[in-house]
Amino acid sequence: MLPALLLVEDDPAIARTVVYALRREGFDVDHVLLVRDALHQLAERRPVYSAAILDIGLPDGSGLDLCRQIRRDGALPIVILSARGEEMDRVLGLELGADDYLVKPFSPRELCARIRSLLRRSEMRAQGQAPVTQALLECDREGSRIRLGAVWLKLTRREFGLLEALMRSPGKVWSRDALLGVAWGHDADSVDRTIDTHVKTLRAKLREVRLDLDLVVTHRGLGYSLDLDQAVGDRAGA
Ligand code: CA
């Protein structure tokens, strides 16, 4: 059976291109224009869907509300489509549990690649397999330490918290706020810049061990993710 996707997009030109590209890539696509119709489709067919692609500005509501609702009901992977310049939408979307985002205008090919990567990750999670980066990176929670390859990293408590949080969902883009919350709770003295500082030192320590990998990816204005795919290539080539 073809993997089925739910596309919620009210712009006819974008929808046409996206539906065409996804179908050509072997996906089965249900396309709706309204929040109302998306909710109807989800009520009827949710178990069938492998992922949802949500535009944010919709005629009868917001894709962000839809995102919140979908996330509340379970683990369906979500990609949000946002307008250029609407950075707040992307931050909010990721905080509401979206897994990835694309900024319009985007190439349909890029969307297909993101969906494939998302489905691969969610499949690995469903099968309980550790994604390859997690094999490359191993977390010893009791010992509060993380191994990269054969080397146990010398991390501060903050750096450990950050990397441990990123390792929970490789590929997921974390906003600074979400990372702060997960990595070390909302300390009164933790400000936005704090994350950037610790990410910088964490990155340096990772690169000391593996100069060829850049595992922590910066999403400008949004936050950070742990890059799974380059490590897959790394393994394949090893
Ligand atoms: Ca729209």
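Just so it is clear, the structure is predicted and the values come from calculations on it, not from any experiment.

Chemist: So what's going on with the environment of Ala75? Residues and values would help.
Modeler: Inspection of the secondary structure assignment puts Ala75 in the loop between α3 (63-72) and β6 (78-82). Residues Ala75 and Ser50 lie 25 residues apart in sequence; the distance between their C-alpha atoms is 9.9 Å.

Chemist: Any details on the sheet that holds strand β10 (residues 151-152)? Residues and values, ideally.
Modeler: Read from one edge of the open sheet, three strands run β8-β9-β10, paired in antiparallel fashion. Lying at the two open borders of the sheet, with one neighbouring strand each, are β8 (137-140) and β10. Two strands pair when backbone bridges link them, and strand β9 (residues 145-148) and β10 are joined in this way by two bridges, in the antiparallel orientation. Looking at the pairing, Arg147 lines up with Trp152 of β10. Relative to the sheet, helix α7 (residues 157-168) contacts β8 and β9, its axis offset from that of β8 by approximately 120°.

Chemist: Tell me about the layout of surface pockets, and please be specific about residues and values.
Modeler: The computed volume of the largest pocket comes to approximately 320 Å³. Lining the largest pocket are 18 residues, and of these Asp100, Arg114, Gly171, His219 and Ser225 lie nearest its centre. Broken down by secondary-structure element, the contributors of at least two residues to the lining of the largest pocket are β7 (100-103), α5 (108-126), β12 (216-219) and β13 (223-226). The calculated volume of the second largest pocket comes to roughly 220 Å³. Taken together, Tyr49, Ser50, Ala75, Leu76, Pro77, Arg116, Leu119, Arg120, Ser122, Glu123 and Arg125 form the lining of the second largest pocket. Listing elements by their share of the lining of the second largest pocket, those giving two or more residues are β3 (49-55) and α5. Of all the elements, α5 adds the most residues to the lining of the second largest pocket, at six residues.

Thresholds, definitions, all that
Residues numbered from 1 in each chain as written. Predicted model: local features only at pLDDT ≥ 70, side-chain atom pairs only at ≥ 80, totals over all residues. Heavy atoms only, no water. Helix = DSSP H or I, 4+ residues; strand = E, 2+ residues; numbered from the N terminus. Pairing = 2+ DSSP bridges. Contact = heavy atoms within 4.5 Å. Axes fitted to C-alpha atoms, helices over the stretch in contact; angles between N-to-C directions. 1 Å grid on protein atoms, 1.4 Å probe; cavity = no way out; pocket = protein on both sides within 12 Å on 5 of 7 lines; lining within 4 Å. Points joined across faces, edges and corners; volume = space filled by probe spheres on them.

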